[in-house]
Every structure is written in structure tokens, then in C-alpha cells.
Amino acid sequence: MAQLRTIALRGGDFNVNYYQEGTGEHLVFLHSGGGLPAFTPELEALSKLFTVTAPLLPGFGSDGEEHLHEDVQKLVFWGWDLLDALDIERPLLVGHSFGGMLAAEMAATEPRRVRKLVLAAPAGLFLAEHPTPDVFAMTPAALVKAAFHDPECEAAKALTTPPSDPAAATEAIVARARALAAAGRFLWPNGDRGLNERLYRIKAPTLLLWGESDRLIPPVYADAFQRLLAGAALVQMRKLAPAGHVLFAEQPQAMVSAIVEFCRA
Amino acid sequence: MKVNWFHLMPYRFLPANFENDYHSVWVDIPTGLFDPLRGHNLYNEFLDELEFADQMGFDGVCVNEHHANAYGMMPSPNLMAAAVARRTSNANLIVLGNSIAMYNPPLRVAEEFAMLDLISGGRLVAGFPVGSSPDDNFAYGFIPATLRERYNEAHDFIKKAWTEQEPFVFNGRYNKVRYTNMFIRPLQKPHPPIWIPGGGSVETWDWTLDRDYVYCALSYLGYEYGKRVGSGYWERCAAKGMDLNPYRFGYLQLICVSETDAQAEKDYAEHLEYFYNKCVHIADEFADAPGYRTEATIRAGLRGQGGNAATMFRKGLKWKDFVDRAYVIAGSPATVRDKLTWVLKDLKVGQLMALQQIGSMPKHLVLKNTELFAKEVMPSIKKIWDEEWEDRWSPRPLSAQQRAVAGHAEAR
């Protein structure tokens, strides 16, 4: 099991906790707004073929989010500064939801430094004719319900059961508030921070993965990403079913296979 | 004791089953529930009531800011204060306040407050709230995690604009102005008194005390909430070795006075129930955006009054509950005098904000409530702290001789 490691950036403004495991080509995974509570079995599986690096984003187990203010560029620099510090030159870049938005922003900023890009239900666009629901105005239970294709599945139930220990329950509330606050710096109030005007810069071959019954970022957004990725060497789209927004929890094997297949092609 | 009269300006005509049929009174309330003709009459009615409070001898009248909100019809409290300024001559204009984080540049607030201070002859109190989450984050789209940073910057900018003698460059993170130059200056020197309406964030107590401002606990939960917030505030004040002058502390209290205790229930119960069941029917999801409260405040367990539990336990409450829990101080003049005196002394309040128009209360009852309070209760309340403490935080207006009179003004 991969252990959490720490690296300091920018003279200690940021202390980044990250997992790293495996051998072979670098694959960097950027987690969703749900955070990354462990080096998951899916990352474990990917680490059999790639050197997988999975940082915890600021506010999600790494610190320093206050230094990002609400500036997307600062978040992008955080990402590249981290990869520079870890000597990762030209990775396969995989991001889910909020992490997908960050991956796309990083690839748009440094188009030549991303070998391939995998965006799993990325955030970052807003279509007036297909408004996304307000994830910041949902109770935890409502958010889980909207995120899963099947809200009654075991993974969904686990997320809605608070820890029985009161101290742990308080910590969970604080951690959730902190993580959502950090995501809100870049996703408040509707997720549009101008990525639509930057996607054209992405050059890397790109794979879009989407759950067919995604209610948080509906599949119509996949089409918008495909359209806006006009400069990418290649854009592939895979829609998964049955799956909502929480793709790695709902379709773990299909996700791993799709990523492996695309990255090794 | 300073006794001020506070108006929320609620829409009085929400449907009977509003709390069951609609999601929230704030943020996503359907605008189809608002009737502009009623709006016309309501604003004028509310202004009449504020002017009446001035005539009744209250020390000040209070207005505040809300957006997309059916219990607070004041997106711009400055407009109300300006209207009141011309038709009153004694009461202080306590604007509690402008959500300065949201105005870019916040110079607009500095300028409007200066105008109000000038028009009113120095009667302005400048209130600077961080702003509520429903207003600032949901209704106006500001990012919760950076709201306080914007607030601090706006505060520093406004104060500098009021006090600098020369044009200056302001180079903030969120505001950049090459020529900051407030040609019009507030009348009060160095600037109007600054009061901070707080929702119970622990950081705000220190922030307010460090700047020697007044902290105002504005809640609809009366003594219970006032005690929690007041205790925390006075503890910090004592820890800093500052004087425990009650005039540092403002407190809002719902007050209903009638001839007898029984008559008070007859007069006001319906309107209290409207207030607690409809006006504060705030959806949990809008109460507290992630990032709005600091980690310390979450851990301290202090929530805004819109927060989950708060809304839940108010549902279905009746007159007796409101009175027993001291959300409202109600009854005959003697009853109100006794209870209110006890509460104000216990909480060490120096700046009382009396909320006497409540929920659907129509004008004739507002005037009755206000007049009975002013004549039968206020005289003894005003004497509290007289001998002991000096109010260093209220406006210092021009004398009557120096003051312009509406209709007869002429500059020389």
C-alpha cells in the first residue's frame, strides 16, 4: 500500500501530501472534489503499469489553499511547481471532476508538457442552456444522491454514514467544509472560470470519460468539451453505463481499462 | 442606554402556507410572490414608521442590507437612510450596514456614507458587516473562501479614503485605484462611528475589539443567542484588558408592548408566528456556504440563525414558546420593562436595537407598539448605565443651531 509522502513548495507556503507508487511512465492523477481518502484499488491497478503520482489538492489534505486566493492561474502553477519538484517532465495527466478541470487548465497552460490527457467528467464549463446543479447548495445526502447513478449502492451508503465517534464526526464535518471551501475558490458559483476560452490551447491526445447518467455534470458537457478541444491531436470519447458522476466508484474496472488502453495506445 | 428602532422591512403578504409550499424565504423565493403595487405602499409605510420612531424620541433608527429576501426588502439601506435623513432631525441613522466586501471599488460605500453623514448633519453610524452567506455568496455570487479577505481590504480602503488628506494610490489584491480622492468628506471626524454587525464568528470579536468598534449581535433568538455571543465577546474584551463598557455592545431584541400581557398576545401573536414560520423559513443549504465560516467558528459550534437546527426547532412554535424562550419580550409595559431591564443588564448591552415591526404586523399596530414602548418603557431603560459609563461610540452631530433645516437650507 502506497504511503503518503510530503514535499514542500514555494519555501513552505505549500506542503503537498501525495501518493507515489509503481514503475514505468509517469501518470499523474488529480482527484475530484470528493477528495482522495486513500491510494485506491484503481490507482493500485494503474501503478502496475505506470508510476502513479496522486497529490492531495490544497484544502483536501494538503495545505496552503489560502495562498491560492481565488486565482486559477495560481492553482495551475501549484500543479506544475509540484511536478517540477518531483522531476515529472511530461506525464500522462488524468483528472476527475474538479481534478479534471485542473488537468485541463494545466494542459492549456503548458500544452507541450502533457503527453496524454484523460478528463473524467471534468468541471470547468457552464452552458446556460444546460445549467449544472449547484453542488454548494446541496446537503451531503442530496449531493451523494445526485452524484451516483444508483444512490442505494454500497459506495453511496458508505459516504452518507457519518463516523460514529463524535470527535471523528466533527473532524469529518470540518474536513468536508474545508475541502468544499477550497474547491469553491475555483468553482463558485457555477464552475465557469474561463476554461472554455483556453481549451483550444491543449495539444495532447485527449480521452473524455463520462457517465451516461451523470446528473452533476450532464453528458451534454462531454460534447462541449469535445467541440472546444479543437487543437488537441486527438479527442476520444467514452461514455460509461451504468454510471453517474462518481466514475471511479461506479465503474472501477472499466475506468482502469479505458485509461490503460488509451495511455498505452 | 441608547435605544434604537430597527426595521427589517419584511414583505407582509406571503401566502398562508408559504413555509410548506415554498423552499426558502431567501435566495430562491419566486419573485412572482412580490406585488409591486404593494411594494410601493410598503416602502412608504416603512418610511413612515421609521419617521414615527424619530418623533417618539428613539436615539436612532436602524436599517440593513439584504438581497433576494422576502423578510428584508432593503437591497440598499442607504436609499432608506437618505429618505429618512430629510424627514427626521434627531434620530441617528444607523446603517447596519453595507456589505463592503461586495462593492468594487468600496469607495462607493465611503462616498455614500459621507453623503449620508453630510445630509444628516453628522448623525450617521457606519455599519460594516462581512455579510451573510445567503446574501453575499448565493444571491451575489461572491466566493465564500475569499469573502473575509475582500472585507478586510474594503475596510482598510474605506478608512484610508475617509482620513487621508491627499489623493493616493490604492493597490489592493481586489481593488486597484490610481486616484483615490474623496473630495467630499464625512462631517464627523475622523470618520463616522463604525459598528460591526456580527453573526457570531469568533474572529470578528477580536477584530472589532482591536479597532475599538461596536459589536452588534443581531439575531432573532433573543436572550438565548445573545448570551452565547455576548459571553464570548465580553470574554475576549476582558482578556485584552479593555474596559467592559456596555456601549461597545449592540443587541437586537424583538419587543411587543400592549396594554396588558393578554392583550399583547391578542395583538401580536399572529404576526410573531408569521415572522418565525415564514420570514425565517431559510433553506439549510443557503445558511452557510462552505468557506463562509472559518474552521475555528465551525469548531466553536456557533452557527448563523439560518442554520439547520435553528430553523427546525422554530417550526410550528406559538406565542407562548416565543415569550417563554425570550425570543420576544412581550406584554404590558411593566412586564416588558422588567424583563428587558434584566436582559440588557445581564448581557451588558449599551446599544439596544428594538425590533417592533415584526413579520406581518400592520402599521397601526407598529405605531401602537412603538408609542407604548416609547412612553411607558423607554424612559427607564434609557437610564441604565447613565451613572457608570460614557458612550464613546455614538454620532456627534451638529448642534441644532448649526444644522440645516429641510425646506429652508442655504449654504453660505
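Computed from a prediction, not measured in an experiment: that's the story for all the values here. Throughout, a residue's number is its position along its own chain's written sequence, starting from 1. Here the convention is simple: chains get letters from A, ligands get numbers from 1, in the order in which they are written. For a predicted model such as this one, the threshold for reporting local features is a pLDDT of at least 70, and the threshold for listing and counting side-chain atom pairs is 80 or more; totals across whole chains, interfaces and linings nevertheless cover every residue.

1. A look at the overall build of chain B
Only DSSP runs of H or I reaching four residues or more are called helices, and only runs of E reaching two or more are called strands; each is numbered from the N terminus. Across its full length, chain B carries 15 helices and 11 strands. Reported as C-alpha extents along the three principal axes, the dimensions of chain B are approximately 60 × 50 × 50 Å. To sort residues by exposure, count the other C-beta atoms lying within 10 Å of each residue's C-beta; 20 or more gives buried, 12 or fewer gives exposed, and values between give partly exposed, all with C-beta atoms placed from the backbone. In chain B, which comprises 412 residues, the share counted as buried stands at 50%. Each residue is represented by a C-beta atom placed from its backbone, and any two residues with such atoms within 7 Å are regarded as in contact. Taking contacts inside chain B between residues at least 6 apart in sequence as the whole, the part at least 24 apart equals 79%.

2. Comments concerning unusual backbone geometry
Going from W188 of chain A to P189 of chain A, the amide bond is cis rather than trans, its omega being -10°. Looking at the secondary structure, you find P189 of chain A in the loop between α6 (166–187) and β7 (206–211). Residues N104 of chain B and P105 of chain B are joined by a peptide bond in cis, for which omega reads -5°. Along the chain, P105 of chain B turns up in the loop between β3 (92–95) and α4 (107–119). Located in the positive-phi region is H69 of chain A, a residue other than glycine, with phi close to 50°. Residue A121 of chain A is not a glycine yet carries a positive backbone phi of 40°. Position of A121 of chain A relative to the elements: it lies in the loop between β6 (116–120) and α4 (140–147).

3. As for helix α8 (residues 222–239) of chain B
Residues and elements named next belong to chain B. Multiplying one less than the number of residues by 1.5 Å gives the expected span of a helix. Spanning 18 residues, α8 covers 25 Å between terminal C-alpha atoms, matching the ideal 26 Å at 1.5 Å per step. All of the buried residues in α8 are G222, Y223, Y225, G226, V229, Y233 and C237. Where the residues of α8 are buried, they touch α7 (202–210), β8 (214–217), β9 (249–257), β10 (328–331) and α14 (333–347). Backbone geometry just after α8 places G241 at a positive phi near 70°.

4. Structural notes on the pairing of strand β6 (residues 176–180) of chain B
On any regular strand, side chains alternate: one points to one face of the sheet, the next to the other face. Residues and elements named next belong to chain B. With respect to burial, β6 is a largely exposed element, only 0 of its 5 residues being buried. A pair of strands is labelled paired if DSSP reports no fewer than 2 bridges between them. Across 3 bridges, strand β5 (residues 168–171) lies against β6 in antiparallel orientation. Note on β6: the bridge partner recorded for F168 is T180.

5. Comments concerning the sheet that holds β6 of chain A
All names here are of chain A. Sheet architecture is open: 8 strands sit in the order β1-β2-β4-β3-β5-β6-β7-β8, paired in mixed fashion. Here the strands that pair on one side only, and so sit at the sheet edges, are β1 (4–9) and β8 (235–240). When strand polarity is set aside, the average angle formed by the axes of neighbouring strands in this sheet is 20°. When strand β2 (residues 14–21) meets strand β4 (residues 51–55), the two strands line up antiparallel, connected through 4 bridges. Looking at β4, one finds that Q20 is bridged to T53. Between N-to-C directions, angles cover 0 to 180 degrees, with each direction set by a line fitted to C-alpha atoms, over the stretch in contact for helices.

6. Some words on the environment of F275 of chain B
All names here are of chain B. Among the structural elements, F275 can be located in helix α9 (residues 261–279). On the basis of neighbour counts, which here come to 26 C-beta atoms within 10 Å, the residue F275 falls in the buried class. Contact partners of F275, with chain neighbours within four places excluded, come to V280, I358 and G359.

7. Quick notes on α7 of chain B
Residues and elements named next belong to chain B. Those residues of α7 lying buried are T204, W205 and T208. Projected down its long axis, α7 carries its buried residues within an arc of 105°, all on one side. With its phi angle positive at about 60°, D212 sits one or two positions after the end of α7. Directions are taken from the helix axis to each C-beta atom, and the arc is the one they span.

8. Brief notes about the interface of chain A and chain B
Counting residues at the interface gives 17 residues for chain A, matched by 16 residues for chain B. When residues are grouped by polarity, Ala, Val, Leu, Ile, Met, Phe, Trp, Tyr, Cys and Pro land in nonpolar, Asp, Glu, Lys and Arg in charged, and all others, Gly among them, in polar. For the side of chain A that touches chain B, a count of residues per class yields 11 nonpolar, 3 polar and 3 charged.

9. Describing the pairing of β8 of chain B
Residue and element names in this part refer to chain B. Going residue by residue along β8, you find V214 and C216 tucked away on one face and Y215 and A217 tucked away on the opposite face as well. Pairing analysis gives 4 bridges linking strand β7 (residues 194–198) to β8, with the strands arranged parallel. The partner of I196 across the bridge, within β8, is Y215. Orient the strands so they point away from the viewer; a crossover is then right-handed if the path from the first strand over the helix to the second runs clockwise. Crossover handedness for the path β7 to α7 to β8: right-handed. As paired strands, β8 and β9 are joined by 3 bridges and run parallel to one another. Directly across from A217, in β9, lies its bridge partner Y251.

10. A few points about the packing of helix α2 (residues 36–55) of chain B against helix α3 (residues 77–87) of chain B
Any two packed helices are characterised by how steeply their axes cross, that is the angle between the axes, and by the distance between the axes. All names here are of chain B. Taken N-terminus to C-terminus, the directions of α2 and α3 make an angle of 50°; their axes are 10 Å apart at the nearest point. Here α2 lies oblique to α3, going by the angle between them. For the element pair α2 and α3, the recorded crossing hand is right-handed. Every residue of α3 that contacts α2 at L47, L50 and E51 is listed here: M80, A83, V84 and R87. A breakdown of the residues in the contact of α2 with α3 according to their chemical character gives 5 nonpolar, no polar and 2 charged. Note that the term roughly parallel is reserved for angles under 35 degrees, roughly antiparallel for angles over 145, roughly perpendicular for angles of 65 to 115, and oblique for everything else. Here a crossing is called left-handed whenever its near helix is offset anticlockwise from the far helix by less than a right angle, and right-handed whenever the offset is clockwise.

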